[in-house]
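Okay, here's what each chain looks like letter by letter:
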Amino acid sequence: KAGVTQTPRYLIKTRGQQVTLSCSPISGHRSVSWYQQTPGQGLQFLFEYFSETQRNKGNFPGRFSGRQFSNSRSEMNVSTLELGDSALYLCASSLGRGNSEQFFGPGTRLTVL
Amino acid sequence: AQSVTQLGSHVSVSEGALVLLRCNYSSSVPPYLFWYVQYPNQGLQLLLKYTSAATLVKGINGFEAEFKKSETSFHLTKPSAHMSDAAEYFCALNAGGTSYGKLTFGQGTILTVHP
């Protein structure tokens, strides 16, 4: 089975721009979760989608949004980028139950200048 | 609210020595617990998970962890460290119920293995 894929792997943007990141889950997985990883804050949960519905959301401003398509692929969008949004963005897919292990993609490294 | 605390941001061991990475959790409900490993410039790889079956959980690459409810701990161990074990390790918790897809992570422990 193919693993979780994320595109692009690297992005450089400037403040004020917006960005869209993409995640393709493992075949058969209907849940996709997104995380932000920074040296200062560690790994923080952004949101989770299951069957095209957002089921859970972390404590991030509304500039961070996401969606999921009928094929379970997911995108996250960050608008009006700030320097502090520079981070590794990881997505993970799972079967969607609490005890389900999450399988992570390699991440998208976003740098905001 | 749930939280995970990893004691020791850096752990250094010699090759062949015991690896012990500490994780304590706080949860108002019985949690599901996970250990992940991250190599540089990569995503997270699952080592093992605890889901209320056996308290001693065996994972990949010779790692295991023991769930101790009385101590609210889920420490990760490996009897003999290899150079290839050098990486960052994360303990994570899911509180089940409506905590869909949400993992709460500890701050991570960087493991260094000396020859």
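Here is what the cut-offs are and how they apply
- Residues numbered from 1 in each chain as written.
- Chains lettered and ligands numbered in written order.
- Predicted model: local features only at pLDDT ≥ 70, side-chain atom pairs only at ≥ 80, totals over all residues.
- Heavy atoms only, no water.
- Helix = DSSP H or I, 4+ residues; strand = E, 2+ residues; numbered from the N terminus.
- Rg over C-alpha atoms; globule rule 2.2 N^0.38 Å.
- Disulfide = S-S within 2.5 Å.
- Buried < 20%, exposed > 50% of the residue type's maximum accessible area, 1.4 Å probe, protein only.
- Pairing = 2+ DSSP bridges.
- Axes fitted to C-alpha atoms, helices over the stretch in contact; angles between N-to-C directions.

**Q** Account for the overall build of chain A, naming residues and giving values.
**A** Within chain A, the regular secondary structure consists of zero helices and eleven strands. Start at the N end of chain A and walk to the C end: the helices and strands fall as β-β-β-β-β-β-β-β-β-β-β. In terms of overall size, chain A behaves like a compact globule, its C-alpha atoms giving a radius of gyration of 13 Å where 113 residues would be expected to give roughly 13 Å. With the C-alpha coordinates aligned to their principal axes, the bounding extent of chain A is approximately 35 × 25 × 25 Å.

**Q** Break down the state of the cysteines for me, with residues and values.
**A** Residue and element names in this part refer to chain A. Under the definition given, this model contains two disulfides over all chains. Here Cys 23 is linked by a disulfide to Cys 91, with a sulfur-sulfur distance of 1.9 Å. Every disulfide takes its handedness from the sign of the S-S torsion; for Cys 23 and Cys 91 that torsion is 70°, giving right-handed. On the criterion of sequence distance, the pair formed by Cys 23 in strand 3 (residues 19–24) and Cys 91 in strand 9 (residues 87–94) is long-range, its members being 68 residues apart. A residue is classified by how much of its surface remains accessible, and Cys 23, at 0% relative accessible area, is buried.

**Q** Tell me about the sheet that holds strand 7 (residues 64–68) of chain A, and please be specific about residues and values.
**A** Residues and elements named next belong to chain A. In space, the four strands of this open sheet follow the order 1-3-8-7, with antiparallel pairing throughout. Each of the sheet's edge strands pairs with one partner strand only, and the pair in question is strand 1 (5–7) and strand 7. Going across the sheet, the axis of each strand differs from the next one's by a mean of 20°, ignoring polarity. Where strand 1 and strand 3 come together, three bridges link them in antiparallel fashion. Within strand 3, the position partnered with Thr 7 by the bridge is Ser 22.

**Q** With reference to specific residues and values, describe the pairing of strand 4 (residues 31–38) of chain A.
**A** Regular strands show a simple pattern: their side chains alternate between the two faces of the sheet. All names here are of chain A. Counted residue by residue, strand 4 has eight buried out of eight residues, so it is predominantly covered. Across the two faces of strand 4 the burial is the same, with Ser 31, Ser 33, Tyr 35 and Gln 37 and Val 32, Trp 34, Gln 36 and Thr 38 all buried. With eight bridges connecting them, strand 4 and strand 5 (residues 42–50) associate as antiparallel partners. Across the sheet, residue Gln 36 finds its bridge partner in strand 5, namely Gln 44. Here strand 4 folds back onto strand 5 in antiparallel fashion, the turn holding three residues. Note: strand 4 against strand 9, seven bridges, orientation antiparallel. Counted as the bridge partner of Ser 31 is Ser 94 from strand 9.

**Q** For the sheet that holds strand 8 (residues 73–78) of chain B, give the residues involved together with the corresponding values.
**A** Residues and elements named next belong to chain B. Spatial ordering of the open sheet is given by 1-3-8-7-6, a layout of five strands whose pairing is antiparallel. Edge positions in the sheet fall to strand 1 (3–7) and strand 6 (56–58), since each has one partner strand and no second. Taking each pair of neighbouring strands and ignoring which way they run, the sheet shows an average axis angle of 20°.

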